[in-house]
Amino acid sequence: MKFATAIVTLLMGVLCFGTMVDAQETEGRILDNRQKSIIPIAAFTATGDLENLKHALNEGLEAGLSVNEIKEILVHIYAYAGFPRALNGINTFMSVLDTRKAQGINDLLGKEATPVPDNFNPNAYGHQVRNALVGKDISKRTSGYPIFAPVIDKFLVEHLFADIFYRDVLNHQQRELVTISVLSAMTGTDPQLKGHLRIAKNQGFSTEELEDFVAVIGTKVDTAAAERAEEALAEVLGRASAQPRRKALTVSRAEEPTPAPADHFTGKAGVSSRFTATGEANYRGAIVNFAKGARTAWHTHPLGQTLIVISGSGLVQSDGEEIQEIKPGDVVWIPAHERHWHGAAPDMPMSHAAISSAQNGSTVAWLEQVTDEEYKTAD
């Protein structure tokens with residue numbers, strides 16, 4: 001056992017040295033696309049925003065994250081946001097992969113975690129990992145929660161920092177990026193966020209990379225979350241007196257459309273320019289571009305939906321009513337729980353903005369596809 005502990009100590013020493021080298025090499029850099037794609041995946045999983053999570057998962061795969069890396073991100077999140085959020089994220093990822101497979105996309109599976117050795121000592125390894133992360137020995141504390149509730153410290157050391165951190169599908173720096181993304185997205189976790197921002201610096205993230213992290217939170221996730229992260233980072237960097245910068249407005253640049261899921265759409269359709277309200281507002285939306293003949297499946301919205309036609313010629317139908325033609329400038333209001341569909345005309349594409357509010361984290365309930373017979377009644 002002493003030999004095994006010594007080996008772990010040696011390995012963690014190497015890890016600490018490598019981290020110091022990495023810290024020197026990363027000064028002045030910003031996050032790469034793979035790192036940036038981790039942030040909204042972790043944040044939307046933590047908040048239960050599954051619709052935006054689908055988009056983030058697609059972006060992560062397109063940025064080069066492997067299937068196993070994303071699975072590991074979702075598994076890691078349960079330690080910080082709970083099993084329900086992590087399991088919802090995993091189920092959403094399964095749905096995204098099924099859709100991409102149906103579209104002929106073969107995503108990189110990636111490497112599996114290295115098996116735990118037979119002589120693995122989770123207590124020794126966990127303490128070594130935690131000490132390396134925080135940059136000092138905190139294995140023999142005499143006050144605080146480890147004394148008041150020692151079982152929670154045992155779980156942290158032997159499960160989180162040993163069982164989970166031993167899994168090398170993600171490195172420790174990537175795990176910290178997941179963690180600070182989760183803690184920024186959640187409310188009431190400011191002390192933990194500050195602590196993990198310090199750990200992120202210990203793991204080699206430069207000041208510029210952490211500032212870039214805050215910027216990604218603001219543009220990809222939520223401005224309120226970015227303000228929390230910015231204020232926490234200011235304190236970590238010794239800027240405690242600085243007030244968080246509040247922007248009067250934000251501009252989200254148009255992105256390349258991502259394919260609409262085949263299980264909810266017929267024909268070719270793409271979704272772009274997604275947006276989510278911040279603060280007390282509860283709406284979200286996107287621009288949907290339909291090729292001619294493409295349409296949604298039947299569906300409902302818990303709090304209704306507004307469509308604003310931008311270009312082309314389209315169709316919309318409420319269950320039991322006649323199909324209506326819609327043109328640029330038309331505004332369509334769909335009441336809550338109203339079964340309906342919408343899409344392009346048979347001979348012309350159509351684009352519209354779609355805006356709806358979320359109830360319990362969801363904006364839509366998808367039903368069966370619109371059959372060709374139902375759609376052809378528009379001819």
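It should be noted that the structure appears before, not after, this text.
Summarised in this report is the structure supplied together with it. This one's a predicted model, so the numbers in the text were calculated from it and none came from an experiment.

**Here we look at the overall build of the protein chain**
In terms of helices and strands, the protein chain carries 13 helices and 13 strands. Looking at the 379 residues of the protein chain, the share that counts as buried comes to 45%. Considering only contacts within the protein chain whose residues lie at least 6 apart along the sequence, 73% involve residues at least 24 apart. Total accessible area on the protein chain is roughly 19200 Å²; 55% of this is exposed by carbon and sulfur atoms.

**Comments concerning the environment of Leu156**
Inspection of the secondary structure assignment puts Leu156 in helix H8 (residues 150-164). For Leu156, a relative accessible area of 25% gives the class partly exposed. Between the C-alpha atom of Leu156 and that of Asn123, which follows or precedes it by 33 residues, the distance is 9.7 Å. In this view, Leu156 contacts Arg130, Tyr145 and Phe161; residues no more than four positions away in its chain are not counted.

**Re the side chain of Asp153**
Turning to its location among the elements, Asp153 is positioned in helix H8. On the accessibility criterion, Asp153 (11% relative accessible area) is buried. Contacts of Asp153, omitting those with residues within four sequence positions, involve Arg130, Arg141, Tyr145 and Pro146.

**With respect to the packing of aromatic side chains**
Tallied over the full model, the rule gives 9 aromatic pairs. Ring geometry for Trp341 against Tyr375: centres 5.8 Å apart, planes inclined by 55°, an arrangement best described as tilted. Taken together, the positions of Trp341 in strand S11 (residues 340-344) and Tyr375 in helix H13 (residues 372-376) put the pair 34 residues apart, joining distant regions of the chain. Cluster of aromatic residues (ring-pair linked, three or more members): Phe120, Tyr125 and Tyr166. Taking NZ or CZ as reference, Arg175 lies 5.7 Å from the ring centre of Phe165, over its face. Cation over ring: Arg295 sits above Tyr375, and NZ or CZ is 4.5 Å from the ring centre.

**Focus on a nonpolar patch on the surface**
A surface patch of nonpolar side chains, about 370 Å² in accessible area, is lined by Tyr145, Val151, Ile152 and Phe155. Here the nonpolar patch gets 3 residues from one element, more than from any other, and that element is H8. Along the chain, the position of Tyr145 falls in helix H7 (residues 145-148). Judged by relative accessible area, Tyr145 falls into the partly exposed class, the value being 37%.

**Some words on the sheet that holds strand S4 (residues 283-290)**
Spatial ordering of the open sheet is given by S1-S3-S4-S12-S7-S10, a layout of 6 strands whose pairing is antiparallel. The two strands at the open ends of the sheet, each matched to only one other strand, are strand S1 (258-259) and strand S10 (331-334).

Rules used throughout
Residues numbered from 1 in each chain as written. Predicted model: local features only at pLDDT ≥ 70, side-chain atom pairs only at ≥ 80, totals over all residues. Heavy atoms only, no water. Helix = DSSP H or I, 4+ residues; strand = E, 2+ residues; numbered from the N terminus. Buried < 20%, exposed > 50% of the residue type's maximum accessible area, 1.4 Å probe, protein only. Contact = heavy atoms within 4.5 Å. Areas by Shrake-Rupley, 256 points an atom, 1.4 Å probe, with all protein chains shown as cover. Phe/Tyr/Trp six-rings, centres within 6.5 Å; stacked < 30°, edge-to-face > 60°. Lys NZ or Arg CZ within 6 Å of the ring centre and 35° of its normal. Patch = residues over 30% accessible without salt bridge, like charges linked within 9 Å, V, L, I, M, F, W, Y side chains within 5 Å. Salt bridge = Lys/Arg side-chain N within 4 Å of Asp/Glu carboxyl O. Pairing = 2+ DSSP bridges.

No statement about biological role is implied by the geometric values presented.
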